[in-house]
Each structure stands twice: as structure tokens, then as C-alpha cells.
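# Residue-level structure breakdown
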Amino acid sequence: MLWTILLLLFNGLLILVYVYSSRTRQKNEPPLDKGVIPWLGHALEFGKDAAKFLARMKDKHGDIFTVRVAGHYVTVLLDPNSFDEVLNDTFCLDFARSKKQLLQRIFCLQLPSIKPTAERKWMEQHFQGLSLSKLSSSMKAHLQKLLLSDQTDCQPSKWTQNGLFSLCYSLLFRAGYLTLFERIDDAPAVYKEFRKFDDLLPKLARCSLKRGERKTAALSRERLWELLSPKGVSFRLDSNSWQQSYHHFLQEEGIDAEMQNRAFLLQLWTTQCNTGPAAFWLLGFLLTNPEAMEAVKSEIRDLTLQHPLIHPLEAHSTPVFDSVLSETLRLTAAVMISREVVQDKCLRMANGQEYHLRQGDRVCLFPFLSPQNDAEIHLQPQIFKYDRFLNEDMTVKDTFYKEGKRLKYITMPWGAGTNVCVGKEFAVTTIKQFVFLFLTHLDLELCNPEDKLPPVNTSRYGFGMLQPDGDLQIRYRLKKTQPEM
Ligand code: HEM
Ligand SMILES: *[C@@H]1O[C@H](CO)[C@@H](O)[C@H](O)[C@H]1NC(C)=O
Ligand SMILES: *[C@@H]1O[C@H](CO)[C@@H](O)[C@H](O)[C@H]1NC(C)=O
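Residues numbered from 1 in each chain as written. Chains lettered and ligands numbered in written order. Predicted model: local features only at pLDDT ≥ 70, side-chain atom pairs only at ≥ 80, totals over all residues.

## Side note on the sheet that holds strand E5 (residues 160-163)
Ordered in space as E5-E15-E13, the three strands form an open sheet in which the pairing is antiparallel. Lying at the two open borders of the sheet, with one neighbouring strand each, are E5 and strand E13 (442-446). Averaged over all pairs of adjacent strands, the angle between strand axes in this sheet comes to 30°, irrespective of strand direction. Two strands pair when backbone bridges link them, and E13 and strand E15 (residues 473-478) are joined in this way by five bridges, in the antiparallel orientation. Within the sheet, the bridge partner assigned to Glu 445 lies in E15 and is Arg 475. (Pairing = 2+ DSSP bridges. Helix = DSSP H or I, 4+ residues; strand = E, 2+ residues; numbered from the N terminus. Axes fitted to C-alpha atoms, helices over the stretch in contact; angles between N-to-C directions.)

Structure (C-alpha cells):
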């Protein structure tokens, strides 16, 4: 009896909340889809598989609609020809505030005294020109050393078996860490802790950690702060590392030691979380598409034959590899570009339709659905085609259309606008070096030739590169003769 009364009261309360929190679509506003659960709206479906959910909404409402997600109203725009309307507007739309909240939530990081533009400028300086070529050659040396030293315990003719994802992530993380942070011996420990943290990060961002996980995440974060702290760690004597330089920058901005460590963890995550997974998908696609693998290998062979004395990678274009990389990122890069509406805005779509956006709402672009997986733009978008971005004459294919209009954005793995990836060139060079090193130094094959790539982990949409749900078992051994790279 008591339970029935309580239940009725509870239901009544829900209905009240529902009525008071209700919002209706006004004319000139995008279609509104609140979901049935009060306040939460579509949050559960969104967190579980954002791509599936948004594709369903796109089918139902078209290229623009507003959904309720955990108390927020989010207008999702899926027409790439209209993206500039959002990306160019820095007056009505703001990215700094929600980014700040996210940094606080995930990294416990507050840098109120640093202007975002100042930090951005620092980053840009340190990932281009001379800095970039120094980083790239250091990265290459570390990769080569790690790859070969990981092999010393087995004879050249003996196969080693491993998961491709673990292998790529571990190698690229350690090499990247050694390059940017120049720490001598703790790379494996940092990697281990980092993976724990990275695994929980999407849940941390969405506040959906379970109690045990919350503890693990907090412990892991603290351990990483400690590991990254400059205190008591021996830098190389001649070290003038990226991290030291960043340390200096923070110091000059008056950031205290504790916040500095937290900023280091943010930078560690930003610079290391994407490259390993990207290399995994690329090699995975090659291993499961023999024709693509042969095309890439043949391109490498030609380069080394034609130009045995110069470094083939730096000196020559690699159109086949570039197309394979673009195609890989098209299928597996899933950034969400989000802005807060700080002033009512009229959004004018490419087709002339105008929509009113309310102050306090959010706007979100999700390029993974469109342009990247839009059947109107890319034929059979779910299929890996290594030459999708290649013309007959081996030049880059970059003309694609939607509704008869040529697209400016064909894929957007690096984000866009004010916070587009500053490490793009470095990342591309690194992935290229890594893949070429692999293919020229190792014999590499699937353990089971019938194996397919694992599916993606659907809880990571919106956090940059996707990760697999499971792994792909491979075996590899050092080639008998080692070519010069
Ligand atoms: C395949 C590899 C990579 C991908 C797909 C990628 C993608 C991205 C994306 C989408 C953003 C924007 C995030 C946002 O909108 O908030 C971003 C930001 C950033 N990336 Fe990358 N990234 C990659 C590798 C790298 C590497 C290797 C570095 C440096 C070593 C790097 C450094 C940065 C930095 C510093 C930012 C922050 C820029 C800012 O906040 O203004 N990235 N990256
Ligand atoms: C947005 O800015 C870009 C680059 O500044 C410019 O080429 C483009 O025409 C602008 N688009 C709109 C819709 O304002
Ligand atoms: C999928 O990703 C989430 C968030 O990173 C993680 O907690 C979970 O363990 C992953 N699942 C698998 C099977 O890897």
C-alpha cells in the first residue's frame, strides 16, 4: 500500500517536472526532439552510440534538428555546406566556456589567467617550421629504436604474436612521450597508467562513471600528475624539450606547480590519444585489404628503387599512402565540434532556409555522419576504398559534391575553425614514418587470414579517433635484410 502511494507521488512529481521543463518548437526553429525521459532526454542513447542515435534523428528530421541531452538543448547541424555559418561566427557562438567546464571535469584543470589565444599561439609555434622538423626527426629515431629493441629477445626468423591495437598504441605512445617529454626511463609506466585513464575518459566527460570507476579514474589521474611532474626527474643534460618549454610558458603566466602538472596531463592526452589508434586502423585496413596493401608496398618499393640515396619519405610525394590515410580517417575519426549560443542567432543554411537558435542552447557539428559517412557525398560510405581520394593521374582527388554544390569540407578528422588540431603535420609525418618503418622492417600478417577488423567501440564518438572494441591478432618478425629509411 505504502509503495503504491509512494509510486503515485513519484509519478506525479515526474509529470510536474515534465510540464514545467517543457519547451515547444517556435516557428523558424529547427525540429525539436526532446525524448521521453524528463531532463535527461536522449542522454542515454547519445552516450551509448552517438552515431547511431544522430543517424536516426537525421533520417527523421533532416540535416538540422534540436535534441535534449541531459538538460541541454543541442542543435545538431549535419549539412557540411552550412558549417561555415557556425565556424565563422565567434560573436553569437562561443567555444571557450564549455571547453573550460570539460577541462575542469576531466583534468581538474583551471587556467583562468591564460588567454586561450596566447596558449594557441604558443602551440602553433611549437608544432611548425624548425620545431616541427626537430620533433619529426626525434620521433623517427625513437620509433626505430623502440621497434628494434622490442625485437631483441627474438631471433630474426621467429614470429611474435600480438594485438595490433596494443602494439600500435604502445609504440607510438612511448615514442611520442620520449619525443615531447624527454623522460629517460618511465615511459612504460606512464603508458600503462595513461591507458587506464584514457579508457575512463569518455565516461568522466559525461559524468557517467560508476562508483568503482570513479575511484580508479581519480587514482589514475593523480598517479599521472605525479609521473609527469618535473620534480625529481632527471632531464637529459642538453634537454630543451617541448615539455620544458611548455613548463617555462606556464611559469611565465604565473601558473602554480600543481596546476602545471594538471596541464601536462591535458597535453599528454591531447598529443598522444589519436596517433596510435589512427595507425592501428590504417594498418588494420591494409592487412584486411590485400589490394590496398600491395598498392602501398609497391609505392614504397618504387621510391626506394628510384631514389636509394635520399630519404624517400621527406623528399617525395606518396599519393597512394595519402589516399589510404584520408580514407582511414574518413572512417574512424569522429570529432564533435560544439559551440554555445551566447546570443540569439539566425542560422542561414546553404539552401537558403533560415533557423532561429536560442541563447543558452548548444550547436554541434558531427562531421563523422556528414560529410564523412554521407552516402550523397561518398559512394558506399561504409566500405574502405584505398583509392577513394586518388584521381586516375595519381593526383589528389578533392572534388566532392552534395546537392550539386562542391564541398569545402570533405572529411574533418582534425576539427575546424579556432581549435583545429595544431599537430596535424606532425601527426601525418609520424603515422607515415611508423607505417613505412613497419612495412620495410617487418614481415607482418594476420594470425588468421580470415579475420576482419573489430567493430568500433561506440562509446567514444565525439572524442577524436575511435578505438576498436576488441583487437586484431597479428604476427610479425624482423625481415632478414634491413633497408635504409
Ligand atoms: C591522427 C592524429 C590526430 C588527430 C585525428 C587529431 C585531431 C584533433 C582534433 C579533432 C582536435 C580539436 C579538438 C577540439 O575540437 O577541441 C585536435 C586538437 C589538438 N591537437 Fe590533434 N590530432 C591528432 C594528433 C595530434 C598530435 C600528434 C599532436 C601533437 C603532438 C596534436 C596536438 C593537438 C593540440 C595541441 C590540440 C589543441 C588545439 C587547441 O585546443 O587549440 N594532435 N586534434
Ligand atoms: C567563412 O570564413 C572563410 C575563411 O575566412 C571564408 O572563406 C568563407 O567564405 C566564410 N563563410 C561564411 C559563410 O561566412
Ligand atoms: C569502450 O570505451 C569505453 C570508454 O572509453 C571503455 O570504458 C570500455 O572499456 C570500452 N570497451 C571495450 C570493449 O574496450
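Resuming the write-up.
## Quick word on the site of ligand 1
With respect to spatial proximity, 21 residues lie near ligand 1, and among them Thr 271, Asn 274, Gly 415, Cys 421 and Gly 423 are the closest. Going through the elements one at a time, helix H6 (116-126), helix H12 (257-272), helix H13 (275-288), strand E6 (333-335), helix H18 (424-441) and strand E14 (463-465) are the ones with two or more residues in the shell around ligand 1. The class makeup of the residues in the shell around ligand 1 is twelve nonpolar, eight polar and one charged. (Near = placed C-beta within 6 Å. Nonpolar A, V, L, I, M, F, W, Y, C, P; charged D, E, K, R; others polar.)

## A few points about the site of ligand 3
Around ligand 3 sit Asp 199, Leu 200, Pro 202, Lys 203, Asn 457, Ser 459, Arg 460 and Asp 469, and that is every residue in its neighbourhood. Among the residues forming the shell around ligand 3, the class breakdown is two nonpolar, two polar and four charged.

## With respect to the UniProt feature "binding site: heme" (unreviewed entry) in the protein
Under the present numbering, the feature "binding site: heme" (unreviewed entry) in UniProt falls on Cys 421. By the secondary structure assignment, Cys 421 is in the loop between strand E12 (405-406) and H18. On the basis of neighbour count, Cys 421 is assigned to the partly exposed category, with 19 C-beta atoms found within 10 Å. Leaving out residues up to four positions away in the same chain, Cys 421 has contacts with Trp 414 and Gly 415. (UniProt positions renumbered as here; feature names shortened; annotations may be inferred. Buried ≥ 20, exposed ≤ 12 C-beta atoms within 10 Å, placed from the backbone. Contact = placed C-beta atoms within 7 Å.)

## Examining unusual backbone geometry
Residues Ser 370 and Pro 371 are joined by a peptide bond in cis, for which omega reads 10°. In this structure, Pro 371 sits in helix H17 (residues 368-372). One non-glycine residue, Asn 28, lies in the positive phi region at around 80°. Its 11 C-beta neighbours within 10 Å are what place Asn 28 among the exposed residues. With phi around 65°, Met 394 is a residue other than glycine that occupies positive phi space. By the element assignment, Met 394 lies in the loop between H17 and strand E11 (401-402).

## Quick notes on the UniProt feature "binding site: substrate" (unreviewed entry) in the protein
Summarizing the sequence annotation, UniProt attributes the feature "binding site: substrate" (unreviewed entry) to Arg 105, Leu 111, Asn 274 and Arg 362 in the numbering used throughout. One can find Arg 105 in helix H5 (residues 96-107). If near-sequence neighbours (up to four positions away) are discounted, Arg 105 is found in contact with Leu 204 and Ala 205. Structurally, Asn 274 can be placed in the loop between H12 and H13. In contact with Asn 274, not counting residues within four places along its chain, are Ala 427, Gly 464 and Met 465.

## Looking at helix H9 (residues 187-206)
Counted at 1.5 Å a residue, the expected span for H9 with its 20 residues is 28 Å, and the 29 Å between its end C-alpha atoms agrees. Its axis deflected by about 45° at Leu 200, H9 carries its strongest bend there, up to four residues before the proline Pro 202. Among the structural elements, H5, helix H8 (164-181), helix H10 (211-228) and H12 are those in contact with the buried residues of H9. (Expected span 1.5 Å × (residues − 1). Bend = angle between axes of the 7 residues up to and from the residue.)

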